[in-house]
Amino acid sequence: MTKSSRRLLGLLIFGALAGCWLYAASRLWATSVPDDLKLPHVDVGALVGASELHRAQHFSFVLDLFGLAGLLLPLIVLALYAKWGHRFIGESAAGPIGTGMLLAMLGIAILWMAMLPSNVAQLWWLRRYGIVRTGYAEMVIGTWFALGAEFLGICLIILIVMGFARLLGDRWWLAGAPVFVAIGLLVTFVQPYMSGLKPLNDHPALVQAEQRLAKREGVKAVPLKVEDVGGLTTAPNAEAMGLGPSRRIGLWSTILDGRFSQGELEVVVAHELAHHKHNDLWKGLGWYALFVFPIAYLIARVTRRRGGMAVPLAVPLFLFAWVGLATATLPIDNAFSRRLEAEADWTALQATNNPQAAKALFVSFVRTTNENPNPPFWDPILFGSHPTEAQRIGMVEAWQARNGG
Amino acid sequence: MNEHPITLHVMDDLRRSRLTVFFRPLLSVPHIIWLYLWGAVAGIAVIINWFVALFIGRPAKSLQSFIAAYLRYVITVGAYLLYVANPFPGFTGEPGSYPVELELPTEPQKQSRWKTFFRIVLVYPALLVAAISIYPVVFLFFPLIGFAWWATMITGRTPRGFRDLGANALRYMGQIYGYYYLITDTYPCSSPYVGMALGSPVVVEAPVAVEAPVAAEEPPAPEAPAEK
């Protein structure tokens, strides 16, 4: 085979793979929200009150600054670590993979130290607005101990990457990426068993409503559970978790503390049930799989300049490339997440047929979380995993307009 | 008299990296997980070796090598956690891979069947001594609450007394578990002078050279000064 025909074959294979990738992405991107749905302008100030709106805007502006620091600082710190981190090789008496693990753990440890002032300041801000109840010492010591779990995770990643790199050279990503997808699958499956969920005994009416909603949505009822977060935060939340037999709906104890009516809670449950109905956790895994292959390939390319992932010298650059690429894909990941959340809102409206409760819920979210309902355009791009509260209220009004409400 | 078939060699100097000392318990987490996994298999190997030793009067060599590697590894992780040594240890328990190393008999020794049969009971007095004298010492090395941790963090060096204390704790534990794991039938000695070699490396038999290297480099001299 000549050089030009090999090149042509390579281009054809790349084109076929790119076509498959785009087809899969478009299938995952599609939702049941009508394409022609136009969201009306919503005057949130009239709904929540001008002072509440001002408070939410002020709170969110400063929180966004912390968010930006949280995006930029790791890039700066890890860029510096990529340049000088190899100096820590002398701290290891282990073999190449063990030394790689040490370098990766030290990179994360240094990042933790660099982020600590910003994280303490962010905690101060959240405490000031009564969103978080965690103490400062509790946070610092708690995150220090939590580093143990992070270290274990990064060591597993390094073991996989360097192990395959020592076997397959620069093609480690072909074997490594499927393993990462399998780990993602396992973590999603076991998450409900690791979250300290308890049975929801105090709200029999909500359990009954969930069974009714499941029947209406044409989905098997999912166990409703409660997660006690009262000592940590006042923010309300709920989440769909698990796959197949491990599927659960986890309600934070803060959403059941009497601030939300039965109708509002039913909207929340219908929203989470919709995630299970639309297999959103599977879709999330599919989306992750779509990105993990090209990201692993790019990391393999980038780390070649340090000798490839078979040698510990490349580990600091690996960390930087990994975090850099994850940050670069953040806007598209957030956009994907917002589409799934919008679809869950739409399905919840169809199932509950109670737009008043949905609107009241989203207005309450502004009051209880202090999130800006109308953030600047870049905010959802960088941080928005859900539609803004103004968009969610707008969807309720659009649904009402379509259904004669 | 400082002879014991199980000897701890300490070759590291007293200099410590503050960064790794600050995070040392966390940096040891992958080692602790690996210790548990390896320890579960090593425990089964010890039980099999017990039957072998009862039957033929000495442990099986392959099992003994496996258990010895595990015990060497336990001691290197302990040395890292107690600031007896500075570098991050490897995961294999390979001889000659760490500046703090437990020297163990390479060949299985003939052992009394009576001592082997009652080993699990015979080890208890030594474990009791360890529980009284060693386990409380470990608290000195705990982050935030331990004096040794503070001293090392502030000075960037482990005070010699604490280093020797930690090394003796490891030496005694190595002898106890070496006895318990049937590597030797010599009873562990609580004296700090028996089975401790500060500043001297383990003598490893060099493989026979088949071909002389073209340009052999001078091996780097050990950093640690000889200590007495």
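Within every chain, residues take consecutive numbers counted from 1 along the sequence as written. Ligands are numbered from 1 and chains lettered from A, in the order in which they are written. A pLDDT threshold of at least 70 governs which residues receive local features in this predicted model, and a stricter bar of 80 or more applies before side-chain atom pairs are shown or counted, although totals over entire chains, interfaces and linings include all residues.

### Topic: the overall build of chain A
Definition in use: Every helix listed is a DSSP run of H or I at least four residues long, and every strand listed is a run of E at least two residues long, numbered separately from the N terminus. To get the radius of gyration, use the C-alpha atoms; to get the globule rule, take the number of residues to the power 0.38 and multiply by 2.2 Å. Field definition: a residue is buried when 20 or more other C-beta atoms are found within 10 Å of its C-beta, exposed when 12 or fewer are, and partly exposed for counts in between, with C-beta atoms placed from the backbone. Note on contacts: residues are paired as contacts if their backbone-placed C-beta atoms lie within 7 Å.
Counting its secondary structure elements, chain A contains 14 helices and 4 strands. Against the globule reference of 22 Å for 405 residues, chain A gives a C-alpha radius of gyration of 23 Å, in line with a compact fold. If you line up chain A on its principal axes, its C-alpha atoms span 65 × 55 × 40 Å. Looking at chain A residue by residue over its 405 residues, the buried ones come to 35%. In chain A, once contacts between residues fewer than 6 apart in sequence are set aside, the share between residues at least 24 apart is 78%.

### Remarks on the environment of S385 of chain A
Residues and elements named next belong to chain A. Along the chain, S385 turns up in the loop between α13 (378-383) and α14 (389-402). Look at S385 and you get partly exposed, because 14 C-beta atoms sit within 10 Å. Contact partners of S385, with chain neighbours within four places excluded, come to N334, S337 and R338.

### Some remarks on the nonpolar core
What counts, and what does not: The nonpolar core is taken to be a set of buried Ala, Val, Leu, Ile, Met, Phe, Trp, Tyr and Cys residues joined by way of C-beta atoms within 7 Å.
By size, the foremost hydrophobic cluster in this structure holds 97 residues, and its most contacted members are M105 and I158 of chain A together with I67 and L71 of chain B. For this core, the leading source of residues is helix α4 (residues 61-81) of chain B, giving 12 residues.

### Here's the deal with the interface of chain B and chain A
How we decide: Polar here means any residue other than Ala, Val, Leu, Ile, Met, Phe, Trp, Tyr, Cys and Pro, which are nonpolar, and Asp, Glu, Lys and Arg, which are charged; Gly is therefore polar.
Contact with chain B, which involves 17 residues of that partner, is made by 16 residues of chain A. Contributions of two or more residues to the side of chain B that touches chain A are made by α1 (18-22), α2 (24-27) and α3 (29-56) of chain B. In terms of residue count, the dominant contributor to the side of chain B that touches chain A is α3 of chain B (3 residues). Partitioned by chemical class, the residues of the side of chain B that touches chain A number 13 nonpolar, 4 polar and no charged.

### A few points about the sheet that holds strand β1 (residues 198-199) of chain A
All names here are of chain A. To keep things clear, this is the line we draw: The pairing criterion for strands is at least two bridges between them, as found by DSSP.
Ordered in space as β1-β2-β4-β3, the 4 strands form an open sheet in which the pairing is mixed. What marks the edges here is a single partner per strand, and that holds for β1 and β3 (238-241). The pairing of β1 with strand β2 (residues 224-227) spans 2 bridges and is antiparallel. Residue pairing across strands places K198 opposite V226, the latter belonging to β2.

### A word on the confidence of the model for chain A
So the rule is basically this: What pLDDT reports is the predictor's confidence in each residue, on a scale of 0 through 100.
The predicted model of chain A averages 93 in pLDDT, with 100% of residues at 70 or higher. Averaged pLDDT values for the elements of chain A fall to 84 in helix α2 (residues 44-48) of chain A and rise to 96 in helix α10 (residues 315-328) of chain A.

### Points about unusual backbone geometry
Even without being glycine, N353 of chain A reaches a positive phi, approximately 55°. Considering the arrangement of structural elements, one finds N353 of chain A in the loop between α11 (330-352) and α12 (355-369). Assessed through the 14 C-beta atoms surrounding it within 10 Å, N353 of chain A is described here as partly exposed. Unlike most non-glycine residues, Y83 of chain B shows phi in positive territory, near 60°. Within the secondary structure layout, Y83 of chain B lies in the loop between α4 and β2 (100-103). Judged by the 26 C-beta atoms lying within 10 Å of it, Y83 of chain B falls in the buried class.

### Considerations on the sheet that holds strand β3 (residues 196-198) of chain B
All names here are of chain B. Rules: Think of each axis as a best-fit line through the C-alpha atoms, taken over the contacting stretch in the case of a helix, with angles from 0 to 180 degrees between the N-to-C directions.
If you trace the 3 strands from one edge of the open sheet to the other, you get β2-β1-β3, paired in mixed fashion. The sheet is open, and its two edges are formed by β2 and β3, each paired on a single side. The sheet shows a mean angle of 15° between the axes of neighbouring strands, taken without regard to direction. In this structure, strand β1 (residues 7-10) lies alongside β2, joined through 4 bridges in antiparallel fashion. Counted as the bridge partner of T7 is E103 from β2. On top of the sheet, helix α10 (residues 160-180) reaches β1, β2 and β3; it is set at about 150° to β1, its chief contact.

### Comments concerning the confidence of the model for chain B
Residue and element names in this part refer to chain B. Taken residue by residue, chain B gives an average pLDDT of 84. The fraction at 70 or more is 86%. Per-residue pLDDT, averaged within each element of chain B, yields its smallest value for helix α8 (residues 135-138) (79) and its largest for α3 (95). Across residues 205-228, where pLDDT falls below 50, the model places 11 contacts with residues more than four positions away in sequence or in other chains. Confidence metrics for the complex model read pTM 0.88 and ipTM 0.83.

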